[in-house]
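Close look at the chain arrangement
The residues making up each chain are set out below.
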Amino acid sequence: MFGYNREPFLFKAYLPVRLSELLPGNTAVVREVEDVGSADPIARRLRDLGFVAGEPVKLVTRGPVGGDPLLVQIGFTRFALRRSEAARVRLQSAGATP
Amino acid sequence: MSSAETALRIALVGNPNCGKTALFNLLTGSRQKVANYAGVTVERKQGRYIAPSGRVVDLLDLPGAYSLDAASPDEAITRDVCLGIAAGETRPDLLVCVADATNLRLHLRFVLEVRRLGVPVVLALNMMDAAARRGIRIDIAALERELGIPVIETVAVKRAGARALVERIDGPLPPLPPTGDADLDLHAEVRRLLAATVSMPTRTAATDDAIDRIALHPLWGLVLLGVLMFLIFQSVFSWAEPLMDGIENGIKALGGWSVAALPEGPLRSLLADGVFAGIGSVLVFLPQILILFLFILALEESGYLPRAAFLLDRLMFKAGLSGRSFIPLLSSFACAIPGIMATRSIQDPRDRLATIMVAPLMTCSARLPVYTLLIAAFIPQRTVAGLFNLQGIVLFALYVAGIVSALAVAFVIKRLRRDRSEHALLLELPSYRWPHPRDLAIGLWERAWIFLKRVGGIILALTVLLWFLSSFPAPPEGATGPAIDYSFAGRIGRALEVVFAPVGFNWQICIALIPGLAAREVAVAALGTVYSLSGSDDTIAAELGPLIAGQWPLATALSLLVWYIFAPQCISTLAVIRRETNSWRNVWIAAGYLFALAYAASFITYQITRALTS
Ligand SMILES: Nc1nc2c(ncn2[C@@H]2O[C@H](COP(=O)(O)OP(=O)(O)O)[C@@H](O)[C@H]2O)c(=O)[nH]1
Ligand SMILES: [Mg+2]
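Counting of residues starts from 1 at the beginning of each chain's written sequence and follows it residue by residue. Chains carry letters and ligands carry numbers; both start at the beginning, A for chains and 1 for ligands, and go up in the order they are written. Totals for whole chains, interfaces and linings use every residue, but because this is a predicted model, local features are given only for residues with pLDDT of at least 70 and side-chain atom pairs only at 80 or more, for both listing and counting. Hydrogens and water molecules were not included; the side-chain quantities draw on all heavy atoms of the structure.

1. Describing the overall build of chain B
Under the DSSP-based scheme used, a helix requires at least four consecutive residues in state H or I and a strand at least two consecutive residues in state E, with every element numbered from the N terminus. Looking only at helices and strands, one finds 26 helices and 11 strands in chain B. Radius of gyration: over C-alpha atoms. The globule rule applied is 2.2 Å multiplied by the number of residues raised to the 0.38 power. By the compact-globule yardstick of 25 Å for 614 residues, chain B fits well, its C-alpha radius of gyration being 28 Å. For chain B, the spread of C-alpha atoms along the three principal axes comes to 90 × 60 × 45 Å. Exposure categories follow from relative accessible area, calculated using a 1.4 Å probe and restricted to protein chains: below 20% of the type maximum is buried, above 50% is exposed, and the middle band is partly exposed. Residue burial in chain B is summarised as follows: out of 614 residues, 56% are buried.

What follows is the structure in structure tokens.
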């Protein structure tokens, strides 16, 4: 749904780059959390909650209105994250190692 | 008595929703609020118990925190106590770090953070019952060895569930935890600990997944939420009725009996017109308030509320709030005061302020008596679509009107705001849990007690005061009209009537509005007293409803209903706004906009209804 938005002319396997692009039901591995601006408190909190390199993360479902917020499983815990928050989480491309 | 110096000082710390408060209640026998979502405890609470050895233990319950790097006002309280920088407080002798055994990937990281504070720490692995049910096995001895701190299993919701913890605390203080490497990667360490000590068949509970498939479904989830809310208001009306009739008859009988024995005179009037007519008319609403609370308590404990916040976040965000505002606003249906305090768990200060400003628009339970009185008197008892009670629908509509105006006001606040940077949500969804019938019963009992204390305290006091103002000075010799016309209250009412005539309020209503500022239910009690005193006979006005139904035009009744949607403020709410925002300006803004909205909406309602019905 969102995977082709960025590169509409490239026909390649669906490879979400950010957590916000992951499809419901799919799992990926976190690469890193990016700061938006300097000393981003949201990014810091995400890292505290377990969004760190090598951690598997699953997009469970999306909110009813406009597909926002996202319900994300990290570790044994489920968090509701807004799309903009989830966009800070970059994912590893499949097969890559941390 | 042991002095405070020899008491052992302990603080309970840990992630939100791991059972700290349940443990605190179990140990100290207190009844602090326990519920199944993050952000229930927003203040430090102190309690005390006597250990088996006879030693006094001062226990501190703290708000949950995901990290000592605090992100919200409640987390800052916990950080300050842990670091020993809280004002007027020395550092605890021992930290009991509580962790949810089913959620260790998240909670162990905080344990590691606490371990390096340089204070003795005991880890309480709570919710061992839930862990056992899910087949989670934890090698306690190995965990203890790896962490270098004592690890004790607890079940905070079972009576003997903290016995081992009590014994461990009563023993010698554990040695300081190993300081270790200052820049140890906490997440890597948690993963290592989990691999070495915990076996977990599945990451999540199967029941949670099954329920969430429906409860969070884009369509069915919203339908479920709507049906649930609607059912609550239907039952507030239909279940409560037989009970209310019972109470009403009881008060009438008691009033008639006790008044009959007294001679004619001020004392008799005080009892009949002040106490029974005033208090009786409020007491009748106890069943409705309890039914509302039964639902709120059950929802709070079930774990559904954060799900509702998830479903509604987008909508609330568009209106200038956040999904996180949902729970404080829902608590405001009970009373705006705990609701406003609950906003402390909102991280974003802008969202927090907006939530505080609109919380008074949520229909608090003190407005229920006013609504019910007017609805029962003016809205016919009819079945709509073969299923729904028309009175229930009107009540629901009044609640909806409160919600819609809150969203509208929040939207305006958002528009006026200059800082448009991003807002965070970051909300944890807990496991579902069955509410314990015993906890519900205790919760309801407490609510009933609070209500009765209010009735016997402030409401009684105001009613008696109002009776006094309405009875004195006595009418001059040869006066013809009812005595109240000549009293202080009568004169005040008449003076105010000038202001409120455009919205259709008669002078009796104007009198009732004033004590209603202190506690909204008193408005009903005051009407009871005023009408009882203006009446020619001594009927006890548990019959206030039929009485006003005969005297008021429909336009006046609807106008008063609408007035109470906005109900310019009980004074305690304003005081809490002042305390939580630390600003008089916000108090003036809140009171001002509520009054303006109430007046405008009542004016429109009154004029339109009058035009249509005349
Ligand atoms: N099954 C189970 N539930 C628990 C236990 N301890 C607490 N709870 C529940 O967990 C939820 C959170 O408890 P609370 O004391 O408010 O957590 P706090 O936020 O850490 O203070 C409530 O729904 C409690 O009923 C336990 O040992 N077992
Ligand atoms: Mg608590």
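Once the structure has been displayed, the description carries forward.
2. A look at the overall build of chain A
Within chain A, the regular secondary structure consists of 2 helices and 5 strands. The linear arrangement of helices and strands in chain A, starting from the amino end, is β-α-β-β-β-α-β. Among the 98 residues that make up chain A, the fraction classed as buried is 48%. Across chain A, contacts joining residues at least 24 apart in sequence account for 55% of those joining residues at least 6 apart. When checking whether two residues touch, look at their non-hydrogen atoms; a contact exists if any pair is within 4.5 Å.

3. Quick notes on the interface of chain A and chain B
Each partner contributes to the interface: chain A provides 34 residues, whereas chain B provides 42 residues. Of all residues in chain A, R45, F76 and R82 of chain A bury the most surface against chain B, accounting for 26% of the area lost on that side. Any Lys or Arg side-chain nitrogen located within 4 Å of an Asp or Glu carboxyl oxygen qualifies as a salt bridge. Viewed at the interface, chain B and chain A are joined by 9 salt bridges. As a salt-bridge pair, E55 of chain A and R105 of chain B come within 2.9 Å of each other at their nearest N and O atoms. Note on definitions: buried area is the accessible-area loss of two parts on being combined, 1.4 Å probe, summed for both.

4. Comments concerning the nonpolar core
Buried residues of nine kinds, namely Ala, Val, Leu, Ile, Met, Phe, Trp, Tyr and Cys, make up a nonpolar core once their side-chain atoms join them within 4.5 Å. Core analysis: the biggest nonpolar cluster contains 120 residues, and F326, V358, F505, I548, W552 and Y564 of chain B have the highest contact counts within it. In terms of nonpolar packing, the next biggest core, distinct from the first, is built from 40 residues, A65, C82, L95 and L186 of chain B among them.

5. Some thoughts on the packing of aromatic side chains
Residues and elements named next belong to chain B. Between 30 and 60 degrees the pair is tilted, below 30 it is stacked and above 60 it is edge-to-face, where a pair is any two Phe, Tyr or Trp rings, Trp via its six-membered ring, whose centres lie within 6.5 Å. According to the stated counting rule, one finds 12 aromatic pairs over all chains in the structure shown. Where F500 meets Y599, the ring centres are 6.2 Å apart and the plane angle is 45°; that geometry is what we call tilted. Of the two residues, F500 sits in helix 20 (residues 488–500) while Y599 sits in helix 26 (residues 584–613), which places them 99 residues apart along the sequence. Residue F500 is classed as buried on the basis of its relative accessible area, which comes to 7%.

6. Topic: the coordination of the magnesium ion (ligand 2)
Residues and elements named next belong to chain B. Note that water is not among the atoms considered, so a metal site may appear incomplete; the donors listed are N, O and S atoms within 2.8 Å of the metal, with 3.2 Å applied to Na, K and Ca. At 2.0 Å from the magnesium ion (ligand 2) lie its protein donor atoms, namely T21 (OG1) and T41 (OG1). Here T21, found in helix 1 (residues 20–28), pairs with T41, found in the loop between helix 1 and strand 2 (45–50); they are 20 residues apart in sequence, far enough to count as distant. With respect to burial, T21 and T41 carry one shared label: buried.

7. Examining the site of ligand 1
Residues and elements named next belong to chain B. Any residue with at least one heavy atom within 4 Å of a molecule or strand is counted as near it. Lining the immediate environment of ligand 1, one finds 18 residues, of which K20, T21, A22, D129 and E301 sit closest. Polar contact is defined as a pair of N or O atoms within 3.5 Å, subject to the rule that within protein one atom must be able to donate a hydrogen and the other to accept it, and that residues adjacent in sequence are counted only when both atoms are side-chain atoms. At 2.9 Å, a side-chain N or O of D129 approaches a nitrogen atom of ligand 1. In the model, an oxygen atom of ligand 1 is placed 2.9 Å from a nitrogen or oxygen of the A156 main chain. At 3 residues, the largest contribution of residues to the shell around ligand 1 is made by helix 1.

8. Considering the sheet that holds strand 5 (residues 89–91) of chain A
As summarised here, the arrangement of the 6 strands in space is 5(A)-1(A)-2(A)-3(A)-4(A)-11(B), forming an open sheet in which the pairing is antiparallel. The sheet is open, and its two borders are formed by strand 5 of chain A together with strand 11 (427–429) of chain B, each paired with just one other strand. Along the sheet, successive strands turn relative to each other by an average axial angle of 45°, direction set aside. With 5 bridges connecting them, strand 3 (residues 70–74) of chain A and strand 4 (residues 77–81) of chain A associate as antiparallel partners. When DSSP finds two or more bridges between two strands, those strands count as paired. Axis lines are fitted to C-alpha atoms, over the contacting stretch for helices. Their N-to-C directions set the angle, which ranges from 0 to 180 degrees.

9. Considering the packing of helix 25 (residues 571–581) of chain B against helix 26 of chain B
All names here are of chain B. Two elements in contact, helix 25 and helix 26, have axes separated by 8 Å at closest approach and are oriented at 145°. Read as a crossing pair, helix 25 and helix 26 show a hand that is right-handed. On helix 26, the residues that touch L574, I577, R578 and T581 of helix 25 are W584, N586, V587, A590 and A591. Throughout this entry, Asp, Glu, Lys and Arg are counted as charged residues, while Ala, Val, Leu, Ile, Met, Phe, Trp, Tyr, Cys and Pro are counted as nonpolar. The remaining residues, Gly among them, count as polar. Within the contact of helix 25 with helix 26, the residues separate by chemical class into 6 nonpolar, 2 polar and 1 charged. Helix crossings get a hand from a simple test, with the near helix turned counterclockwise from the far one by less than a right angle marking a left-handed crossing and a clockwise turn marking a right-handed one.

10. A short note on the sheet that holds strand 3 (residues 56–61) of chain B
All names here are of chain B. Overall, mixed pairing links the 6 strands, which are arranged 2-3-1-4-5-7 in an open sheet. Each edge of the sheet is formed by a strand with only one pairing partner; in this case those strands are strand 2 and strand 7 (151–153). Neighbour-to-neighbour, the strand axes of the sheet open up by a mean angle of 25°, direction not taken into account. The pairing of strand 1 (residues 8–14) with strand 3 spans 5 bridges and is classified as parallel. For A11, the partnering residue across the bridge sits in strand 3 and is L60. Lying on the sheet, helix 3 (residues 104–115) is in contact with strand 1, strand 4 (94–100) and strand 5 (121–126); it crosses strand 4 at an angle near 170°.

11. Details of the confidence of the model for chain B
Residues and elements named next belong to chain B. The quantity known as pLDDT measures the predictor's confidence residue by residue, on a range of 0 to 100. Here chain B averages 86 in pLDDT, while 96% of its residues score no lower than 70. The low-confidence segment residues 536–541 (pLDDT under 50) makes 10 contacts with residues lying over four places distant or belonging to another chain. Listed scores for the predicted complex are pTM 0.82 and ipTM 0.84.

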